[in-house]
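# Structural overview
Listed here are the chains, written in short residue letters.
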Protein chains: 2
Amino acid sequence: MRIILASASPRRKELLAQVGLVFEVQVSDVEEKVSTTIPYYLVQGLSRQKAEAVFHALAGTGEEILVIGADTVVSCDGRILGKPENSEHAKEMLRLLQGRSHEVYTGVTLLHRASEAENTSSIEGKSFYETTKVNFYPMSEAEIDDYVATGDPLDKAGAYGIQGICARYISGIEGDYNNVVGLPVGRLYQEMKDWL
Amino acid sequence: MRIILASASPRRKELLAQVGLVFEVQVSDVEEKVSTTIPYYLVQGLSRQKAEAVFHALAGTGEEILVIGADTVVSCDGRILGKPENSEHAKEMLRLLQGRSHEVYTGVTLLHRASEAENTSSIEGKSFYETTKVNFYPMSEAEIDDYVATGDPLDKAGAYGIQGICARYISGIEGDYNNVVGLPVGRLYQEMKDWL
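These numbers were taken from a predicted model, which means no experiment stands behind them. (Residues numbered from 1 in each chain as written. Chains lettered and ligands numbered in written order. Predicted model: local features only at pLDDT ≥ 70, side-chain atom pairs only at ≥ 80, totals over all residues. Heavy atoms only, no water.)

What follows is about the overall build of chain A. From N to C terminus, chain A includes 6 helices and 7 strands. In chain A, the order of α-helices and β-strands from amino to carboxyl end is β-α-β-α-β-β-α-β-β-α-β-α-α. Reported as C-alpha extents along the three principal axes, the dimensions of chain A are approximately 60 × 30 × 25 Å. In chain A, which comprises 196 residues, the share counted as buried stands at 52%. For chain A, the exposed area adds up to about 8400 Å²; of that, 45% sits on carbon and sulfur atoms. On chain A, the mean spot of the 19 positive side-chain charges and the mean spot of the 28 negative ones are 1 Å from each other. (Helix = DSSP H or I, 4+ residues; strand = E, 2+ residues; numbered from the N terminus. Buried < 20%, exposed > 50% of the residue type's maximum accessible area, 1.4 Å probe, protein only. Areas by Shrake-Rupley, 256 points an atom, 1.4 Å probe, with all protein chains shown as cover. Lys, Arg positive; Asp, Glu negative; His and termini not counted. Charge placed at Lys NZ, Arg CZ, Asp CG, Glu CD.)

Structure (C-alpha cells):
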C-alpha cells in the first residue's frame, strides 16, 4: 500500500517518519474554503479538502492507497490563530498567548482505496481531531521581540513552535505533544493500523 | 559564565541546545546513593549528587559557573522504574505501562558560583522537580516484542522513549513533554534566567 501525506509541512513529515511509516509526500493546490469558525469543524474540514485533492489526483492508478490530510489551528479567547502574516502580527499573537493557556486543534482525514483491480468501489474515509491545551509562562516584550527576530514564528499557526527555542516559555501541556507540532501521530497510528 | 551540563545523556544535551543555551558537558563518576523511594525526593537527590560532583571538580578555576544536574525516573503503581537491565526486563516494564497512565519525574539541581576573584563565598544552589503524567494506548505482546527489538527502550527509564517510534502508543500527557524526554527545559530556563 502506498501511504501519501498530503502536506508540505516538514514537521508533519518528520513526525510520520518518527513512528516508522514509509510514505510519500504529495500536495495539491487547494483553495481552502471553510465557512465555520468552530475550531474542530474547521480543522477537520480543511484536512478533508487537502486529502481529497490528492486522492482525486491519484484516480485511475489502480493501487491501494492511503492519503493523510491534516490542518492545525490555535484557539484562544474564541479567536482562531493561523499563521501570522508578518512580524508585527506574530508579536500580537504572542502577546495574546503569553502567561496563560490556549488550545491547539489538529484535524486529520484518512482516505483509503483498496486496489482498484480488486474492487473499484471500496473507498473508506474518516476524519478526527485532537485538542491539546498549552500553558505559556509570561513573556516580556523583549522576549517576544527576540523570539520573533529568530524567524521561527513566521510559518507556524499561533506564531510559535513548541519544538524549538520557544520551549523556554512553555510550562506544560494537556494532551498530545505531537498534535501541537502538527500531527497527532499516536492517534493517527491507532486509526490507521488496521490498514497496515 | 560557563554553563556545564553534568549529564552524559544525548537527549538532555539536545534539549538544552534547543532552548538556545551555549554549554559544555562534563560528567563525574558518582556512586548514586539515595535511600528514599519517594520519586520526587529521589530524583532531586540524585540530580544534586551529579551536579555536586562536577561542581567540586571545578573548584579553584576562578570562573563564574553554573552546573546543571538532572535525573529521571518513571513511577507506576508505587514502583519506580529506572533503565531496564535487559530485553526481558524492558518487556516487563512495557507490560506494566501499556493501556494506562503513569508518572515521569525529573529532578534538576542548579549550582552557581560567582567569579571566585570577586567573592569566594557566593555559591547558590537550588533543586526542583517536574512531574508529567503519560497515557499509553494498549499494546499487544507482538507490539511490545517489536518495540523492544528496535533497541530503543534499553537505555531509557521506564523502557520507552516518547520522542521516538513509541509515540505510536502514546495518547497524551499532562505536564511538560521535555520532562519526559529527560529535562524540563521550560522550568529550567525560567529558574536560571536571572543568572544569564
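Screw-axis analysis of chain A against chain B gives a translation of 0.0 Å along the axis, an RMSD of 0.0 Å, and a rotation angle of 180°. Accordingly, the operation relating the two chain copies is best matched by a two-fold axis. Among all residues of chain A, the one whose C-alpha sits closest to the rotation axis is E174(A), at a distance of 2.2 Å. Comparing interface residues between copies, 100% of those in chain A also lie at the interface in chain B; the contact surface is shared. (Least-squares fit on C-alpha atoms with pLDDT ≥ 70 in both. Contact = heavy atoms within 4.5 Å.)

The next point concerns the nonpolar core. Counting 90 residues, the largest nonpolar core has Y160(A) and Y160(B) as the members making the most contacts within it. Apart from residues lying up to four places away in sequence, Y160(B) is in contact with V74(B), L94(B), L97(B), H102(B), V104(B), V134(B), F136(B), Y147(B), P153(B), C166(B), I170(B) and V180(B). (Core = buried A, V, L, I, M, F, W, Y, C linked by side-chain atoms within 4.5 Å.)

Bringing the interface of chain A and chain B into the picture now. Often, the extent of an interface is quoted as the loss of accessible area on bringing the components together. On the side of chain B, 28 residues touch chain A, which itself brings 28 residues to the contact. Together, the buried faces of chain A and chain B total about 2100 Å²; carbon and sulfur atoms form 48% of this surface. Sorting the residues of chain A by area buried against chain B places Q18(A), R168(A) and Y177(A) first, and these three jointly supply 25% of that buried surface. Across the pair K193(B) and E143(A) runs a salt bridge whose closest N-O atoms are separated by 3.0 Å. If you look at where chain A meets chain B, you find 16 residue pairs in polar contact (both at pLDDT 80 or more). For the side of chain A that touches chain B, the secondary-structure elements that each account for two or more residues are β7 (170–175), α5 (177–181) and α6 (185–192) of chain A. Sort the elements by how many residues they give to the side of chain A that touches chain B and β7(A) lands first, with 6 residues. For the side of chain A that touches chain B, the per-class residue count stands at 11 nonpolar, 10 polar and 7 charged. In this sheet, strand β7 (residues 170–175) of chain B lies alongside β7(A) in antiparallel orientation, the contact comprising 3 bridges. (Buried area = accessible area lost by both parts, 1.4 Å probe. Salt bridge = Lys/Arg side-chain N within 4 Å of Asp/Glu carboxyl O. Polar contact = N/O pair within 3.5 Å; in protein donor to acceptor, adjacent residues only side chain to side chain. Nonpolar A, V, L, I, M, F, W, Y, C, P; charged D, E, K, R; others polar. Pairing = 2+ DSSP bridges.)

Residues and elements named next belong to chain B. As for its placement among the helices and strands, S47 is situated in helix α2 (residues 39–57). On the basis of relative accessibility, which here comes to 0%, the residue S47 falls in the buried class. A polar contact of 2.8 Å, which involves the side chain of S47, links it to the backbone oxygen of Q44. Not counting chain neighbours up to four residues away, the residues in contact with S47 comprise G69, A70, D71, G107, V108 and T109.

In total, this model carries 30 salt bridges over all chains according to the counting rule given. Here R95(B) makes a salt bridge to E141(B), at a shortest N to O gap of 2.8 Å. Of this pair, R95(B) sits in helix α3 (residues 87–97) while E141(B) sits in helix α4 (residues 141–149), and the two are 46 residues apart along the sequence. What makes E141(B) partly exposed here is its relative accessible area of 41%. The structure contains a network of salt bridges with shared partners spanning R11(A), D152(A), D155(A) and K156(A).

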